[in-house]
Structures are given as C-alpha cells and as structure tokens.
Amino acid sequence: MSILQWFIFFLAIQIVHYLGTWKLYQKAGRKSWEAGIPVYNAIVLMKIINRPTWWTALLFVPVVNLIMFIVVWVETLRSFGKNTTKDTILGVVTLGFYIYYINYFENVEYKRDRSLVATTKAGDTISSLLYAIVVATLVHTYVIQPFNIPTSSLEKSLLIGDFLFVSKFHYGAKTPRTAVALPMVHDSIPLTKMKSYLSVPQLPSFRFPGLQEIKRNDIVVFNWPVDTVYQFFDRSGRHIDKPKDKRSNYVKRCVGIAGDNLSIKNGDVYINNKKSSYNQRTLLQYQHKLTLKEQPTMAFFNEFGIDEINNVSKIKKELWDNPVLKDFLKDNPKKVQLFEFERDNSEYVYVYGGANDEMAEKLGLEFVPNKFYVNLTQEKLTNLSKDERVLSVSRFIHKNEKKIFPHNQEWSQDNLGPIYIPKAGKLIALNKENLPFYKRLITIYEGNKLEEKGGQILINDKPTLNYTFKQDYYWMMGDNRHNSEDSRYWGFVPFDHVVGKPVFIWWSLNQNIPWSKAIDKIRWERLFSTVGGDGEPVSYFKYFLILLVGWFGFDFYRKRRKG
C-alpha cells in the first residue's frame with residue numbers, strides 16, 4: 001500500500017471508531033469530538049477504561065495491535081457494566097462492533113471506579129491469556145525468537161535438532177510488514193498447514209538500530225529471498241508469493257559481506273583474493289569419494305561419525321556412451337542426478353549421483369558395494385586416511401552446473417566467481433555482462449523498473465550506464481558445503497531480509513535416536529551452549545540447574561518464614 005492509501009485507511013479506522021463510541025465518550029464525562037481525533041482519542045480512551053496511557057503505543061505496533069484491539073474492546077465493555085461472559089464473547093466475535101449496539105441502543109452507565117479484576121472466570125482467563133500473548137509477541141518480534149535447525153546445511157557446526165534463541169536486536173529488530181497475522185508463528189499454522197497471515201494489507205517497515213553489523217563468518221537467520229514454496233518442506237510444485245517477512249526462515253554462515261569480491265576455488269572461499277579462514281568451532285564439511293577394500297557394515301560409518309552416505313553405481317561403458325542414454329539424461333534432469341562419473345580400465349563407468357530404483361533399472365545402473373561418496377570434516381578425513389580398511393579417499397570437486405547463480409556461467413558450487421557483493425551507496429557500472437547478477441536486486445529488492453531496449457539499459461524508463469544500490473547485500477553459505485541450498489544457487493541476501501543472529505542453543509535432540517531412549521536422545525553437552533565464539537562449545541546447563549534449584553530453595557524458605 002502507498003502512503004496515501006495508508007492515510008486513507010487510517011482515517012477510515014478513525015471514522016469507524018468515532019461512530020461507534022462518541023456517545024460512550026459523553027457518558028464517561030468526555031466530549032464527543034474527542035472520539036474523532038486520531039491518536040488523542042486512544043489516549044482519552046485509555047483514561048476512560050482506567051488503563052495506562054502507554055497502552056496507546058501498543059495499538060500502533062503491528063501484530064501486537066491485533067491483540068490489543070481485542071483487549072480494548074473487552075475493557076471498554078466492562079467500563080460500561082458489560083462484564084458478563086456473554087458480553088465478552090459478543091465483543092470478540094463481532095470484532096468490536098457489539099460496542100456499536102451498546103453505543104446506540106442501550107442506556108449504559110459509566111463505571112468510573114470499576115474493579116480492574118474480571119468478575120467471571122471466563123473473563124479472567126481471556127484477559128490473562130491476551131496479556132500473556134501481548135508480552136510474548138513483543139519479545140518474539142523485537143527481542144528473541146526461538147528457532148530450530150530443520151536441515152543439515154550447517155552440519156557439523158549446528159546440528160539438525162538444535163533449538164536456538166535468535167537475537168533480533170544484534171542487527172536491529174524489524175517492524176513487521178504483514179499487518180494481519182497470528183502471533184508467534186511464521187508462515188503456517190502448526191499441524192494444519194494453513195496460512196497464518198493475510199497477504200494484504202502490507203505495512204511500511206523499518207529496522208531499529210542494531211548493536212553490531214553483520215561480520216564475515218557470522219551465522220545469520222534470514223528470510224529466503226527467492227521463496228515461493230507453500231511450506232518449507234513442501235517442494236511438490238505448490239507455489240505461493242509470500243510477503244518478505246513471511247518467507248521461509250533460513251540459517252547460514254555469512255561468508256561475504258557488502259563490498260567484498262568473492263570467489264570459490266576448488267571448494268574454498270576467497271574474499272578479495274585471500275582464502276577465508278575460520279575459527280575452531282566452524283566445522284566445514286565437503287563431499288569425498290571413498291573406496292574401501294570390501295563392503296562395510298554400518299558400524300564402520302558409525303565408528304567415524306559419518307551420517308551422510310551416498311552409494312555409487314556403475315554402468316557398462318557401451319550403455320553409458322549410447323546417444324539414447326545421453327538424450328534421456330538431458331530430457332530428465334529432475335528424475336536422475338548424475339553429477340559426476342569416472343572411467344578406469346574396467347568395462348564400467350562409475351557414476352556418482354542419485355536415481356530411484358525404477359530409474360536405476362531403466363539406466364542399467366548397478367550398485368558398487370565398496371564405493372561411496374560421504375560428507376567429511378577435515379578431522380574425519382584425516383582419521384579415515386589412516387585406516388587400513390580404506391583404499392582411497394579424496395575431495396569431490398563438482399563440475400559445471402547450470403543451476404548455479406546467475407545461471408548463465410560455466411560455474412559449479414566448487415568453482416565460481418569473482419562476484420562483487422553490492423554495498424549500500426556504492427555506484428557500479430551496468431553492462432550486458434554483469435546485469436544478470438544485479439537485475440533481481442534492482443527490480444525485486446529495490447523496486448525499480450528495468451528494461452533492455454536497443455542495446456541500452458533503462459531504469460524507470462531512463463537510459464543509464466550505472467546504478468547506486470540502496471541497501472547492503474550478503475553471500476550466505478552452509479558449512480555442509482555439498483549439502484546446502486544457499487547463495488551459490490539463488491544469489492544475494494538483502495539486508496532487509498535479515499532476521500537475526502543465533503546466540504544460544506537451549507535444547508538439542510538427536511534425530512537418529514527414538515523417543516523410547518529419551519535420555520540418550522537429548523544432546524546434554526549442547527544444552528545452554530553459545531552459538532558463537534571459538535573453541536569447543538561449553539554447556540552451561542548445570543549452572544542453570546544450580547540457579548533454578550537455588551531460586552526454588554530461596555522461594556520456599558521465604559514463604560515458610562512469612563507463614
């Protein structure tokens with residue numbers, strides 16, 4: 001919505017409020033015109049319902065105001081003697097329009113010194129619940145948000161089943177864009193798979209000042225910029241255009257900040273031609289080709305803590321070289337992912353990739369019992385290399401892939417760049433070569449019209465040779481470098497999509513252990529540990545328990561002494 005549209009909408013709300021309450025203002029000893037003055041009418045209403053003036057501010061906080069409207073409706077009814085369960089229900093289900101009926105058709109009396117405690121159990125329950133939701137929503141929106149790790153893109157730095165607290169204030173909390181949404185849930189209602197918000201109206205949004213800027217190698221939570229999937233794990237083709245603040249939440253490591261020139265060479269990130277370095281807690285993983293002397297048991301992989309294992313197949317050379325097969329693979333890229341192969345002196349070609357049983361049979365693929373490609377940290381690679389059961393283990397370097405951003409280069413996830421990461425206020429020259437990198441930024445993220453006509457670049461219908469970016473951008477990647485959907489596939493992350501900084505792991509569950517072994521399922525060593533910092537993560541869980549026991553002991557002693 002434009003500023004003019006919002007102004008008209010705001011005035012309409014004031015008219016609705018005035019028409020439904022002006023008589024009640026008079027009965028409360030106020031002037032009827034006071035019900036029609038924007039903002040001032042809310043301040044006066046707080047005095048009428050005997051609530052603090054600062055509540056007025058909550059009426060203008062997105063999402064929180066939806067709850068506050070309900071609170072104010074109920075409090076207004078109680079201030080005029082309408083405090084039964086029936087009155088409370090009518091006030092809520094009619095979206096406040098029950099107050100119109102009271103205003104025009106009932107001779108109610110203003111209760112100036114009414115008790116602020118609900119007279120019915122239902123009213124007390126609703127009031128307590130609404131106040132709790134308001135406080136929790138404020139904390140969730142502007143201070144700390146719970147978040148869990150759903151995928152392995154940051155293994156082994158963060159694990160699937162880690163539950164985090166994400167700080168909103170480190171980089172600056174954002175006001176919501178989506179005006180109508182359920183509090184404390186993201187894009188869908190739990191268990192129902194229904195949208196938790198209305199796409200319109202959309203509010204102008206701004207960010208509060210942060211404590212720090214995003215630094216290289218910070219782990220960051222952000223809204224996935226190109227998100228169109230209905231739900232995070234629903235990639236079945238059901239698409240939806242989401243508001244910015246309702247796009248799927250991703251968590252990655254920021255390997256490149258605004259103003260950097262980034263390249264990836266054989267899987268290693270280079271910033272401004274210098275190879276990136278990481279602290280001890282950053283555990284990068286890469287795919288490796290692993291050949292063993294004989295077929296292993298699962299115990300072998302468990303011994304080395306390897307939990308991402310893929311089989312290798314083989315195919316006879318005459319089948320592999322058949323043009324019919326090549327055409328099939330070209331026409332069915334989504335059914336079969338054969339991204340690497342190698343030849344040797346045998347009659348077979350060894351294929352690394354993925355195909356279901358039906359496709360494997362159709363292609364003539366055979367499982368190789370002693371070859372695998374596995375995801376390894378440097379420590380695991382070192383240990384495997386020394387094991388006598390291993391014939392060879394080597395880093396997997398991916399070849400050219402069309403799915404790599406910006407989708408018009410001969411690049412792969414292991415070799416790409418250089419790419420300039422745009423910085424706010426930075427002027428760059430635009431040309432045919434770099435336009436694919438920045439077209440989405442200029443149009444989608446910064447709201448301009450861009451066309452190419454007669455060899456010229458036009459922005460907002462004006463020919464131009466350069467462009468100045470309005471905000472900072474970032475390059476986000478997962479630590480599990482060969483199992484991460486990140487900037488290598490969809491490009492830059494705008495600063496206005498940044499949600500916050502993970503600071504604390506408060507809970508962690510091992511997804512590979514059943515609930516029947518609940519004690520073993522909990523990763524006790526990760527509870528109450530920090531996300532950032534160097535060295536081995538330290539759990540502060542025992543200190544939390546000591547404080548908790550101490551508090552309960554003190555509270556028990558205090559109450560007993562009073563008694």
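Below, the structure is looked at part by part. Residue indices begin from 1 for each chain and proceed along its sequence in written order. In keeping with the model being predicted, local features are shown solely for residues with a pLDDT of at least 70 and side-chain atom pairs are shown and tallied solely at 80 or more, while totals for entire chains, interfaces and linings include all residues. Hydrogens are left out, water is left out, and the side-chain values use all remaining heavy atoms of the structure.

**Quick look at the layout of surface pockets**
It is a probe the size of a water molecule, rolled over the atoms, that shows where empty space is left.
Argument step 1. Using a 1 Å grid laid over the protein atoms alone, points where a 1.4 Å probe fits but cannot get out form a cavity; open sets with protein on both sides within 12 Å along at least 5 of 7 lines form a pocket; any residue with an atom within 4 Å of a point counts as lining. Grid points are joined across faces, edges and corners, and a volume is the space filled by probe spheres set on the points. Considered as a void within the structure, the second largest pocket measures approximately 1500 Å³ in volume.
Argument step 2. In terms of lining, the second largest pocket is formed by 45 residues, of which the most central are Phe9, Ile13, Leu59, Asn65 and Phe69.
Argument step 3. A run of H or I in DSSP counts as a helix once it spans at least four residues, and a run of E counts as a strand once it spans at least two, with each numbered from the N terminus. Among the secondary structure elements, those contributing two or more residues to the lining of the second largest pocket are α1 (3-27), α2 (40-48), α4 (64-79) and α6 (98-105).
Argument step 4. All amino acids are sorted into three groups, where Ala, Val, Leu, Ile, Met, Phe, Trp, Tyr, Cys and Pro are nonpolar, Asp, Glu, Lys and Arg are charged, and the leftover types, Gly among them, are polar. Across the lining of the second largest pocket, the residue classes break down as 36 nonpolar, nine polar and no charged.

**Looking at the sheet that holds strand β20 (residues 450-453)**
What links the strands of a sheet is backbone hydrogen bonding, and the strands pair in either a parallel or an antiparallel sense.
Argument step 1. Read from one edge of the open sheet, three strands run β20-β21-β22, paired in antiparallel fashion. In this open sheet, the two strands that pair with only one neighbour each are β20 and β22 (462-464). Taken pair by pair, the neighbouring strands of this sheet meet at an average axis angle of 40 degrees, ignoring direction.
Argument step 2. Should DSSP find at least two bridges between two strands, the strands are regarded as paired. As judged from the four bridges shared by β20 and strand β21 (residues 456-459), these two strands associate in the antiparallel manner. Across the sheet, Glu452 pairs through a bridge with Ile457, a residue of β21. Here an angle of 0 to 180 degrees is reported between the N-to-C directions of two axes, which are lines fitted to C-alpha atoms, with helices fitted over the stretch in contact.

**Here's the deal with unusual backbone geometry**
Argument step 1. Geometrically, the link from Val200 to Pro201 is a cis peptide bond, its omega value of 0 degrees lying close to zero.
Argument step 2. Position of Pro201 relative to the elements: it lies in the loop between β4 (194-195) and β5 (219-223).
Argument step 3. With an omega of 10 degrees, the peptide bond between Gly417 and Pro418 qualifies as cis.
Argument step 4. Relative to the assigned elements, Pro418 resides in strand β18 (residues 416-420).

**Remarks on the sheet that holds strand β9 (residues 261-265)**
Argument step 1. As summarised here, the arrangement of the four strands in space is β11-β10-β9-β18, forming an open sheet in which the pairing is antiparallel. Either end of the sheet is taken by a strand with one partner, and the two such strands are β11 (274-275) and β18.
Argument step 2. Inspection of the sheet shows β9 paired to β18 by three bridges, in the antiparallel sense. Bridged to Asn261 within β18 is Tyr420.

**Comments concerning the side chain of Thr137**
Argument step 1. Tracing the backbone through its elements, the reader meets Thr137 in helix α7 (residues 121-142).
Argument step 2. N or O atoms closer than or at 3.5 Å make up a polar contact, with two conditions inside protein: a donor-capable atom paired with an acceptor-capable one, and, for residues adjacent in sequence, both atoms drawn from side chains. A polar contact is formed between the side chain of Thr137 and the backbone oxygen of Ile133, at a distance of 2.7 Å.
Argument step 3. Ignoring sequence-local partners within four residues, the contact set of Thr137 consists of Val63, Val64, Ile67, Pro183 and Met184. Between two residues, a contact is recorded if the distance between any of their heavy atoms is within 4.5 Å.

**Examining the nonpolar core**
Argument step 1. Ranked by size, the top nonpolar core spans 43 residues in total, and within it Val220, Leu262, Leu416, Leu430, Tyr438, Trp475 and Phe492 carry the most contacts.
Argument step 2. Top contributing element to this core by residue count: helix α13 (residues 435-445), with six residues.
Argument step 3. With residues near it in sequence (within four places) discarded, Val220 still touches Tyr171, Ile214, Tyr250, Val251, Lys252, Cys254, Met476, Val498, Gly500 and Pro502.
Argument step 4. By nonpolar core is meant a set of buried Ala, Val, Leu, Ile, Met, Phe, Trp, Tyr and Cys residues that side-chain atoms within 4.5 Å join together. Only protein chains enter the accessibility calculation, which uses a 1.4 Å probe; a residue is then buried when its area is under 20% of its type maximum, exposed when over 50%, and partly exposed in between. Within the second largest apolar cluster, 31 residues are counted, among which are Leu24, Ile67, Met68 and Leu77.

**Here's the deal with the pairing of strand β1 (residues 144-148)**
Argument step 1. On β1, burial follows the alternation: Gln145 and Phe147 on one face are buried, whereas Ile144, Pro146 and Asn148 on the facing-out side are not.
Argument step 2. Sheet topology places β1 next to strand β2 (residues 162-167); five bridges connect them, and they run antiparallel. Note on β2: the bridge partner recorded for Phe147 is Leu164.

**Quick look at α6**
Argument step 1. Listed in full, the buried residues belonging to α6 are Tyr98, Ile99, Ile102 and Asn103. Down the axis of α6, the sector holding all buried residues measures 145 degrees, keeping them to one side. In this context, the arc is that of the directions from the helix axis out to the C-beta atoms.

**Describing the pattern of salt bridges**
Argument step 1. When a carboxyl oxygen of Asp or Glu lies within 4 Å of a side-chain nitrogen of Lys or Arg, that pair is called a salt bridge. This model, assessed by the stated rule, comprises 19 salt bridges.
Argument step 2. Among the salt bridges present, the one from Arg526 reaches Asp162, with a minimum N-O distance of 2.7 Å. Placement of Arg526 in the loop between α15 (518-521) and β27 (529-530) and of Asp162 in strand β2 is noted, with a sequence separation of 364 residues between them. The pair Arg526 / Asp162 is uniform in exposure class, with both members buried.

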